Amino acid sequence: MRVVSGIQPTGNPHLGNYLGAIKRWTEMQHESECLIFLADLHAITVYNEPAQLAATIREAAATLIACGIDPDKAILFNQARIPAHAELAWLLNCTARVGWLNRMTQFKEKSGKNREGASVGLYAYPVLQAADVLLYQATHVPVGEDQKQHLELARDIATKFNTDYGVDLFTLPEPLIGDTAARIMSLRDGSAKMSKSDPSDMSRINLIDDSDTVAQKIRKAKTDPEPLPDTVDGLEARPEARNLVGIYAALAGRDMKDVLQEFAGQGFGAFKPALAELTVETLRPIKARLDELMAHPQEIDRILEQGSTRAASLAQPTLDGAYKALGLPNKR
């Protein structure tokens, strides 16, 4: 099984990223061949200050390593070091259909009311996502429900390319859908996903936050006045309560029903301190390791360069095969 997954290196990785994706990657790297990349080509679909982007790419790499990604097991790299991502994306743009992209709901959400002012890259980035996974013949891609549509698009593009040119070039990747912990919600709004782009820093717990900040954010997280129920069904109409219980369960490696049995009948005055302590103790070693790594930026760059060399060698045969199928000359 070959797993490919990525994360944008913009903003600070947060608890939702850790529980929804990074923690799963640290587990999968021991069971499967894993390629983990920093999606810096996706990041430039909107404007980023160049020096800041360069810094956040390095910080994001350090964060992944601090969380447990082992560069000797998983292949860790950033897209921009491998031109094959952009090359294959263009070839696949010529296979993908406008109608397919028009159905992508995330473009509508991200472009908002300024759809005509959005970049072409923002519109077409699902095709680059397809290239990201098809390039490496990925068999599986970890996705949340909000990304499942994009993986289906990748499969459609792969199928059409293979069919149009009479080849068996691209593997059709299967989704690995996360459990309930894969969708951690905002601390200010239980109906919205925890996000780097939320204007309120109090809406998320950043992995770079110190212990006092983490505890403060949990204390001030939005809740309701009702005590915790003894069943998960009792949280159905209580999104903020469900989110905090879900975070506790994910951090403790327990089922939500077990957590509720422990805290049933108690209010958030009792539950929040327990959640704060668990979160602080979980993130403390990650923050310490991150600080250590950021003190040696040359080592982070070396790891990314090494990972890109390994990834490029895996990508090249697929790119060559695509050029050949299209009848295009390729100097390589």
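Only a predicted model underlies this, so the values are computations on that prediction, with no experimental measurement involved.

So, the packing of helix 4 (residues 84–93) against helix 13 (residues 297–326)
Here is step 1 of the chain: Put simply, helix 4 and helix 13 touch, their axes get as near as 10 Å, and they point 30 degrees apart. The angle between helix 4 and helix 13 falls in the class roughly parallel. With respect to the hand of their crossing, helix 4 and helix 13 are arranged in left-handed fashion. Of helix 13, the residues touching helix 4 (which contributes Ala84, Glu87, Leu88 and Leu91) are Ala315, Leu319, Ala322, Tyr323 and Leu326.
Here is step 2 of the chain: In the contact of helix 4 with helix 13, the residues fall into 8 nonpolar, no polar and 1 charged.

Some thoughts on the state of the cysteines
Covalently bonding the sulfur atom of one cysteine to the sulfur atom of another cysteine gives a disulfide.
Here is step 1 of the chain: Under the definition given, this model contains 0 disulfides.
Here is step 2 of the chain: A disulfide-free cysteine, Cys67 has its sulfur positioned 15 Å from the sulfur of Cys34, the nearest such atom.
Here is step 3 of the chain: The class of Cys67 is buried, set by a relative accessible area of 9%.

Quick word on the nonpolar core
Here is step 1 of the chain: Counting 60 residues, the largest nonpolar core has Leu15, Leu64, Ile247 and Phe271 as the members making the most contacts within it.
Here is step 2 of the chain: Among the elements that line this core, the one with the most residues is helix 12 (residues 268–294), at 10 residues.
Here is step 3 of the chain: Of the residues that make up this core, three or more belong to each of domain 1 (2–183 + 296–326) and domain 2 (209–292).
Here is step 4 of the chain: Not counting the four nearest positions on each side in its chain, Ile247 is found in contact with Leu15, Leu19, Ile184, Leu187 and Leu275.
Here is step 5 of the chain: Phe37, Leu101, Met104 and Val127 belong to the second largest nonpolar core, which has 44 residues in total.

Focus on the domain arrangement of the chain
Here is step 1 of the chain: Here the domain parsing of the chain yields domain 1 (2–183 + 296–326) and domain 2 (209–292).
Here is step 2 of the chain: On a C-alpha basis, the centres of domain 1 and domain 2 stand 31 Å from each other.
Here is step 3 of the chain: Counting residues at the interface gives 12 residues for domain 1, matched by 9 residues for domain 2.
Here is step 4 of the chain: The contact between domain 1 and domain 2 buries some 910 Å² in all, and 77% of this surface belongs to carbon and sulfur atoms.

Calculation criteria
Residues numbered from 1 in each chain as written. Predicted model: local features only at pLDDT ≥ 70, side-chain atom pairs only at ≥ 80, totals over all residues. Heavy atoms only, no water. Axes fitted to C-alpha atoms, helices over the stretch in contact; angles between N-to-C directions. Helix = DSSP H or I, 4+ residues; strand = E, 2+ residues; numbered from the N terminus. Parallel < 35°, antiparallel > 145°, perpendicular 65-115°, else oblique. Left-handed = near helix turned anticlockwise from the far one by under 90°. Contact = heavy atoms within 4.5 Å. Nonpolar A, V, L, I, M, F, W, Y, C, P; charged D, E, K, R; others polar. Disulfide = S-S within 2.5 Å. Buried < 20%, exposed > 50% of the residue type's maximum accessible area, 1.4 Å probe, protein only. Core = buried A, V, L, I, M, F, W, Y, C linked by side-chain atoms within 4.5 Å. Domains from an automatic or database assignment. Buried area = accessible area lost by both parts, 1.4 Å probe.

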